[in-house]
Amino acid sequence: MFNLLKAPLRSSSRCISQLRATSKSSILINQRFLSTSIILQAKRDRRSYRRPLKRRRINIPDFATVSQLVNLMGVSYDHLARRLEEMGFEDMNHNFILDAETIGLIADEYGFDVKFGEDEQGEDLVPVIPEENSKFLKQRPPIVAIMGHVDHGKTTILDYLRKSSIVSQEHGGITQHIGAFSVKAPISKKVITFLDTPGHAAFLKMRERGATVTDIVVLVVAADDSVMPQTKEAIKHIKKSGVSVIVAINKCDKENANPEKVIADLAANDIDVEDYGGDTQTVKVSGLTGLNMDTLEESIVTLSEILDLKAQPTNIPVEGWVIESEVKKGMGPIATVLIRQGTLKPGNVLVAGNTYCKVRSIKDEGGKVIKLAGPSTPVELWGWKEVPEAGDEVLQAKDESQAKKVIETRINRLSKQKTAQSVDVINKLRLEHKKEAERQDQLDELRKYGLEEETEDSETDTVDKIKEIKFIVKADVSGSTEAIVESIENLGNDEVKCSVLLSGVGFPTDTEIDRASIANAIILCFNMKIPKDVDNKAIKKNVEVRHHNVIYHLIEDVTKILSKELKPIIELNVLSETDIKEIFEIKGKKKKITRIAGCKVRSGKLERSGLIKVMRDEEEIFRGRISTLKHAKDDVKEIAKGRECGVEFENWDKFQAGDVIQVYEEKVIPRFL
Ligand code: GDP
């Protein structure tokens, strides 16, 4: 936007320090700002503007259009526009949006005492880091995530562990799926908390968020399949997050199990396996038969002892992470929270993202109401105002009034960030509209003189737009919604892509169906059985609702939908070739001359109804149809190889001897993403 003049650089310390003093946000004083200020000052020194004796104060808004700035400063639009041009702004108009930094510069230039809006940091919560040697620090259970390639046995291992979980044993085998559960290791009787997140690649984002949640990753590698793409992805994630790892070589009960190959492949992929002298433990297990599962659990306990995991259960605010969230019918929003520090009690107020919870009830993973929950405990919480998102950090507020203020601050901050991002887009769009309007004016002008065709073929007309297929994503839990949105937004190419209009937890609402109908969007439902009335409403509104329970089937389905939008490849197959030997010119009525090509079929047969091309020196000079095909004086439908004929074309007669007529067929080859 700036096209700054290379003016002599002189110190402009007054201008800079003044702005620094008036802006609480030092981010505004960036490099661009400095150089612009210096140049402005240099110009000011040269021109010596008329200034009010006492500089008037002006409060700088976050954003303002040029017109609004005119009103704010009480100057004339023409004068301001001229000044902006001198300052290097191009393509400026009255509704161009300026940001606070630029407004500050201009106002200063006009002799105002600029005052940036009181930078409302607002009230927010930040995590409280316990003192290193605090006497309140206590050992806490490790938080463990299971990762690995699809089908290598993550779910089987989790199921095996869940069956031996604490609540499962207390409640006679009844466990709920709440995203995390705790197990007592068989020998040491120490507690381990497992995160129960699905292992599909679509959940990578959640797992990445989980990097700070998890202490240990159990990398599951099937002994009959060894290291696979998702194993490598998991290794990348482990290395990036610096989390500790134990390898579970699974399916060791199988005859074709080859754990030695797994160990060698892991070493080749940068895992420092103990079998080769490193310190990453490998345990040969079977999630199916339970082989060595106790060793795996005890290895986790040993590693957690080495890691010396501690948290402060008392004398510190409660903190944690949202693991899962959903709206339960008749019960409102609930979330599984993994406590990181502090001890949660009913009545506590927690903030997560842009919502808060006055804890109404705490349930353990078995659905039993409990009164207290300490570090590394997964609990289900009731009392949320809205559904928080999986991966959100949970921080305790003093009371509801503080929680509300914190949320207000966060929403304001988000809206400012969004406005800042959209300002550039709005300005660009406005500029494009302005240019398009100017182009139309030019065309209208040219049309008056019958010249428009020369400009019609301009560059802008030939630019292909990316087709957007619109979706609304609804799933049973927020983790899945997030993962699906993330995955499908990454599908597509430079011809077609997904646009997710809305996403959320629970059945599609009436408003969402209406929105889908208006926008021609497809509703994707994941892991939900939709009530009949919702389905009927969608049918009535002609809205397509697609259901899936397996995430990669959903992704495949969306890929197919997008693929249908790809322009197919049209392959031309030449079926016959005919040489034009000589040209006959026949005079008709009103002395009209008809040109006829005298031809001989070289290969295949020349069909009158076929699609044809005429080639000259290997280059196509005509594509169209034959209007007349004659053998001697007879009209014929086709001419066989080696025979002669006369040919006329539909609306074209620029052929000459030596040209070749090709009959071709078009083969439409669909493309896939
Ligand atoms: P995930 O995609 O990693 O969660 O894999 P699953 O747990 O769904 O397992 C995939 C398949 O492997 C299933 O058919 C399981 O029954 C099977 N499987 C998992 N663990 C073992 C094991 O230790 N031994 C044998 N023989 N089969 C297993």
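This write-up is about the structure you can find in this document. (Residues numbered from 1 in each chain as written. Predicted model: local features only at pLDDT ≥ 70, side-chain atom pairs only at ≥ 80, totals over all residues. Heavy atoms only, no water.)

**Considerations on the packing of helix H16 (residues 510–519) against helix H17 (residues 532–540)**
Where H16 meets H17, the closest approach of the two axes is 10 Å, and the angle between their N-to-C directions is 20°. The angle between H16 and H17 falls in the class roughly parallel. Seen from above, H16 lies across H17 with right-handed handedness. Where H16 approaches H17, its residues Asp510, Ile513 and Asp514 are matched on the opposing element by Val534, Lys537 and Ala538. Classifying every residue of the contact of H16 with H17 gives three nonpolar, no polar and three charged. (Axes fitted to C-alpha atoms, helices over the stretch in contact; angles between N-to-C directions. Helix = DSSP H or I, 4+ residues; strand = E, 2+ residues; numbered from the N terminus. Parallel < 35°, antiparallel > 145°, perpendicular 65-115°, else oblique. Left-handed = near helix turned anticlockwise from the far one by under 90°. Contact = heavy atoms within 4.5 Å. Nonpolar A, V, L, I, M, F, W, Y, C, P; charged D, E, K, R; others polar.)

**Let's talk about a positive patch on the surface**
A grouping of Lys358, Arg360, Lys385 and Lys404 is seen on the molecular surface, where their side chains present a positively charged patch. Considering the arrangement of structural elements, one finds Arg360 in strand S16 (residues 355–363). (Patch = residues over 30% accessible without salt bridge, like charges linked within 9 Å, V, L, I, M, F, W, Y side chains within 5 Å. Areas by Shrake-Rupley, 256 points an atom, 1.4 Å probe, with all protein chains shown as cover. Salt bridge = Lys/Arg side-chain N within 4 Å of Asp/Glu carboxyl O. Lys, Arg positive; Asp, Glu negative; His and termini not counted. Charge placed at Lys NZ, Arg CZ, Asp CG, Glu CD.)

**Concerning the environment of Asn520**
On the secondary structure map, Asn520 appears in the loop between H16 and strand S22 (522–526). Separated by 24 residues in sequence, Asn520 and Glu544 place their C-alpha atoms 8.9 Å apart.

**Things to note about the packing of aromatic side chains**
Applying the stated criterion to the full structure yields six aromatic pairs. Aromatic side chains Phe649 and Phe655 sit 5.5 Å apart centroid to centroid with 55° between the ring planes, which places their arrangement in the tilted category. Taken individually, Phe649 and Phe655 each receive the classification buried, so the pair is uniform in this respect. Centroid distance Trp652 to Phe655: 5.9 Å. Interplanar angle 65°. Geometry classified as edge-to-face. Each member of the pair Trp652 and Phe655 is classed as buried. Among the aromatic residues, those joined into a ring-pair cluster are Phe622, Phe649, Trp652 and Phe655. One residue, Arg595, lies across the ring of Phe655, its end atom 5.1 Å from the ring centre. Above the plane of the ring of Tyr664 lies Lys613, whose end atom (NZ or CZ) is 5.7 Å from the centre. (Phe/Tyr/Trp six-rings, centres within 6.5 Å; stacked < 30°, edge-to-face > 60°. Buried < 20%, exposed > 50% of the residue type's maximum accessible area, 1.4 Å probe, protein only. Lys NZ or Arg CZ within 6 Å of the ring centre and 35° of its normal.)

**Points about the pattern of salt bridges**
Counted under the stated rule, the structure contains 29 salt bridges. Residue Arg546 pairs with Asp557 through a salt bridge whose shortest N-O separation is 2.7 Å. Of this pair, Arg546 sits in strand S23 (residues 545–548) while Asp557 sits in helix H18 (residues 551–563); the two residues are eleven residues apart in sequence, bridging distant segments of the chain. Asp557 gets classed as buried once you look at its relative accessible area, which sits at 12%. Its salt-bridge partner being Glu577, residue Arg602 comes within 3.2 Å of it at the nearest N-O pair. Residue Arg602 is located in strand S25 (residues 593–603), and its partner Glu577 is located in strand S24 (residues 569–587); the two are separated by 25 residues in the primary sequence. It is possible to trace a salt-bridge network through shared partners that takes in Asp124, Arg410 and Arg413.

**Focus: helix H5 (residues 100–109)**
With ten of ten residues buried, H5 is to be regarded as a mostly interior element. The set of residues buried in H5 consists of Ala100, Glu101, Thr102, Ile103, Gly104, Leu105, Ile106, Ala107, Asp108 and Glu109. Just downstream of H5 lies Gly111, where phi reads positive at about 85°.

**Digging into the side chain of Gln402**
Mapped onto the secondary structure, Gln402 falls in helix H12 (residues 400–448). Residue Gln402 is classed as buried on the basis of its relative accessible area, which comes to 10%. What Gln402 contacts, discounting residues up to four positions off in sequence, is Glu123, Leu125 and Ala397.

**Overview of the sheet that holds strand S27 (residues 611–616)**
Pairing is antiparallel across the open sheet formed by eight strands, whose spatial order is S28-S27-S33-S24-S25-S32-S29-S30. Of all the strands in the sheet, the pair left with one neighbour each is strand S28 (619–624) and strand S30 (634–635). Relative to S30, strand S29 (residues 626–631) runs antiparallel, the two sharing two bridges. Residue pairing for S30: His631 is matched across the bridge by Asp634. (Pairing = 2+ DSSP bridges.)

**As for the pairing of S22**
Of all five residues in S22, five are buried, a share of seventy percent or more. Burial of S22 is two-sided: the residues Ile522, Leu524 and Phe526 facing one way and the residues Ile523 and Cys525 facing the other way are all buried. The sheet contact formed by strand S20 (residues 467–475) and S22 spans five bridges and is parallel. Paired with Ala475 across the strands is Phe526, a residue of S22. With four bridges joining them, S22 and S23 adopt parallel strand pairing. Its bridge partner lying in S23, Ile523 is registered against Val545. Assessed by its sense of winding, the connection that carries the chain from S22 through H17 to S23 is right-handed. (Right-handed = clockwise from strand over helix to strand, strands pointing away.)

**Here we look at the site of the ligand**
Around the ligand there are 15 residues in total, and Asp151, Lys154, Thr155, Thr156 and Asp253 lie nearest to it. Within the backbone of Asp151, a nitrogen or oxygen atom sits 2.7 Å from an oxygen atom of the ligand. For the ligand, an oxygen atom lies 3.1 Å from a polar atom in the side chain of Asn250. The element contributing the most residues to the shell around the ligand is helix H6 (residues 154–163), with three residues. Within the shell around the ligand, the residues separate by chemical class into two nonpolar, eight polar and five charged. (Near = heavy atom within 4 Å. Polar contact = N/O pair within 3.5 Å; in protein donor to acceptor, adjacent residues only side chain to side chain.)

**Describing a nonpolar patch on the surface**
Together, Val150, Val550 and Tyr552 make up a nonpolar patch on the protein surface, roughly 200 Å² of accessible area in all. Among the secondary structure elements, Tyr552 is positioned in helix H18. Using a relative accessible area of 37% as the deciding quantity, one classes Tyr552 as partly exposed.

**Some remarks on the packing of helix H15 (residues 478–489) against H18**
With their axes 10 Å apart at the nearest point, H15 and H18 run at an angle of 35° to one another. In this structure, the crossing between H15 and H18 has a hand that is right-handed. On H18, the residues that touch Ala483, Ile484, Ser487 and Ile488 of H15 are Ile551, Leu554, Ile555 and Val558.

**Quick notes on unusual backbone geometry**
For Asn520, which is not glycine, the phi dihedral falls at a positive 60°. Notably, Asn651 is not glycine yet its phi reads approximately 55°, a positive angle. Note on placement: Asn651 falls in the loop between strand S32 (644–649) and strand S33 (660–669). The class of Asn651 is exposed, set by a relative accessible area of 82%.

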